[in-house]
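# Overview (structure and organization)
The residues making up each chain are set out below.
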Amino acid sequence: MPDTLYHPRVIYLIDASVYVFRAYYSMPPDMVDSDGNPAHATFGFARFLGDLIERVKPHYMAVAFDESLTTSFRNQIYPAYKANREPPPADLKAQFASCREFCLHAGIPAFGHVHYEADDIVGTLMTRCRRAGLPATLVTRDKDFAQLIRDGDVYWDYSDNAHYRYHQIEERFGVAPERFADFLALMGDSVDNIKGVPGVGPKTAAALMKVFASLEELYDNLDDVAKIPVRGAGKLAAKLLEHRDAAFLARRLTEIACDMPLEIAHSELTRRAPDVAALTEFFDRHNFGPLLRRQAERLALLPLPVAA
């Protein structure tokens, strides 16, 4: 098996939100563009992407942006989905657009969709690339993406420089990738306003998913739940039965869509040469100093991949 972190026959799929938010809250907020608007998240994200490219020199890569906070197909299924979240600050929303513009000038394929989330974009690209024989390295620290990992793939928490392959996902997150959406559905997700089954936390959900391969198998064998060594096992079957509809609704929300309408072949996901002139104008407009400019010059000298 090739090293799926640094091998050319790998696609690197980057969850933009994690790294834009990280830059927004960690970089000095007094960094502003020529119009006086904050530019610190843009700077931090651009530096992250440049460092990543210099480090692994990817042949195939794509960045997925979230553009569907209130318009996801999941909101049609469950209107309260993510309704507990505050909208992003106006200056952060503007910087997300700037980050995507940076990708354009840097030669990095980038995607967003009004009805699908970054998870779905990554899942769809990953599924198509897998059919073409390309394993994936997912660059994120969002646990939801763990459900996408299969043999040959890597979950890369870039900020902590931690790598998890398929057989390590259960050790890290408590459940195997194939059962992860069901695991999330059972315990719910307060961040996304998904209720799940009341009283079922991560330990109980993980214990159930070690025994049962899916929600269907679990609900077909509720009589066996009392045998599972978790607190309150004797009453757990009744609780699961009472909240059956909530559990299956939750899985429709936690399961990543891997078949969204996205017409692109894996050969179109190659890193392109950066447009140095466009990047220079972009850096001028954002008042960025020499660090990113020198990096852009180095990136322009990297050998380009040949699409397969």
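Our subject in this report is the structure included herewith. (Residues numbered from 1 in each chain as written. Predicted model: local features only at pLDDT ≥ 70, side-chain atom pairs only at ≥ 80, totals over all residues. Heavy atoms only, no water.)

### A short note on the packing of aromatic side chains
Considering all chains together, one arrives at 20 aromatic pairs under this definition. Considering the side-chain rings of Tyr155 and Phe173, the 5.4 Å spacing of their centres and the 70° angle between planes classify their relative orientation as edge-to-face. Remark: Phe173 occurs in helix α6 (residues 166–173) and Tyr155 occurs in strand β5 (residues 154–157); sequence separation between them is 18 residues. Since its relative accessible area comes to 2%, Tyr155 is described here as buried. Residue class for Phe173 comes out buried when judged on its relative accessible area of 15%. Ring pairing ties together the aromatic residues Tyr19, Phe45, Phe48, Phe65, Trp156 and Tyr158, which thus form one cluster. A cation over an aromatic ring shows up here: Arg172 above the ring of Phe173, its NZ or CZ 4.6 Å from the ring centre. Over the ring of Tyr219 we find Arg244; its NZ or CZ atom is 5.5 Å from the centre of that ring. (Phe/Tyr/Trp six-rings, centres within 6.5 Å; stacked < 30°, edge-to-face > 60°. Helix = DSSP H or I, 4+ residues; strand = E, 2+ residues; numbered from the N terminus. Buried < 20%, exposed > 50% of the residue type's maximum accessible area, 1.4 Å probe, protein only. Lys NZ or Arg CZ within 6 Å of the ring centre and 35° of its normal.)

### A few points about helix α4 (residues 90–106)
Counted at 1.5 Å a residue, the expected span for α4 with its 17 residues is 24 Å, and the 25 Å between its end C-alpha atoms agrees. If you follow the buried residues of α4, they end up packed against α1 (16–26), α2 (40–56), β2 (60–64), β3 (110–111) and α12 (276–285). (Expected span 1.5 Å × (residues − 1). Contact = heavy atoms within 4.5 Å.)

### Focus on the packing of α2 against helix α13 (residues 290–301)
Following both chains from N to C, one finds α2 and α13 inclined at 30°, their axes separated by 10 Å at the closest point. With respect to α13, the element α2 is oriented roughly parallel. In this structure, the crossing between α2 and α13 has a hand that is left-handed. Mapping the contact onto sequence places Phe43, Ala46, Arg47, Gly50, Asp51, Ile53 and Glu54 in α2 and Leu291, Leu292, Gln295, Arg298 and Leu299 in α13. In terms of residue class, the contact of α2 with α13 is made up of six nonpolar, two polar and four charged. (Axes fitted to C-alpha atoms, helices over the stretch in contact; angles between N-to-C directions. Parallel < 35°, antiparallel > 145°, perpendicular 65-115°, else oblique. Left-handed = near helix turned anticlockwise from the far one by under 90°. Nonpolar A, V, L, I, M, F, W, Y, C, P; charged D, E, K, R; others polar.)

### Here we look at the packing of α12 against α13
At a minimum axis separation of 10 Å, α12 and α13 run at an interaxial angle of 170°. Here α12 lies roughly antiparallel to α13, going by the angle between them. Judged by residue contacts, Val276, Leu279, Thr280, Phe283 and Asp284 of α12 engage Leu292, Arg293, Ala296 and Ala300 from α13. Considered class by class, the residues forming the contact of α12 with α13 number six nonpolar, one polar and two charged.

### As for the layout of surface pockets
Of the pockets and cavities examined, the largest pocket occupies roughly 1100 Å³. For the largest pocket, the lining is made up of 41 residues, of which Ser17, Phe21, Asp66, Leu69 and Arg85 are closest to its centre. Looking at the lining of the largest pocket, the elements that each hand over two or more residues are α1, α4 and α11 (244–254). If you tally residues by element for the lining of the largest pocket, the top one is α4, at five residues. For the lining of the largest pocket, the class distribution of residues is 18 nonpolar, five polar and 18 charged. Estimated volume of the second largest pocket: approximately 240 Å³. Around the second largest pocket sit Tyr19, Arg22, Ala23, Ser26, Met27, Gly44, Phe45, Arg47, Phe48, Asp51, Tyr158 and Ser159, which together line it. Those elements that provide at least two residues to the lining of the second largest pocket are α1 and α2. Top contributing element to the lining of the second largest pocket by residue count: α2, with five residues. (1 Å grid on protein atoms, 1.4 Å probe; cavity = no way out; pocket = protein on both sides within 12 Å on 5 of 7 lines; lining within 4 Å. Points joined across faces, edges and corners; volume = space filled by probe spheres on them.)

### With respect to helix α10 (residues 233–242)
Taken together, the buried positions of α10 are occupied by Ala233, Leu236, Ala237 and Leu240. End-on, the buried residues of α10 take up no more than an arc of 100°, which puts them together on one face. Turned more than 90 degrees away from the buried face of α10 sit Gly234, Lys235, Ala238, Leu241 and Glu242, all of them exposed. Buried residues along α10 sit against α7 (180–187), α8 (202–211), α9 (215–220) and α11. (Arc of directions from axis to C-beta.)

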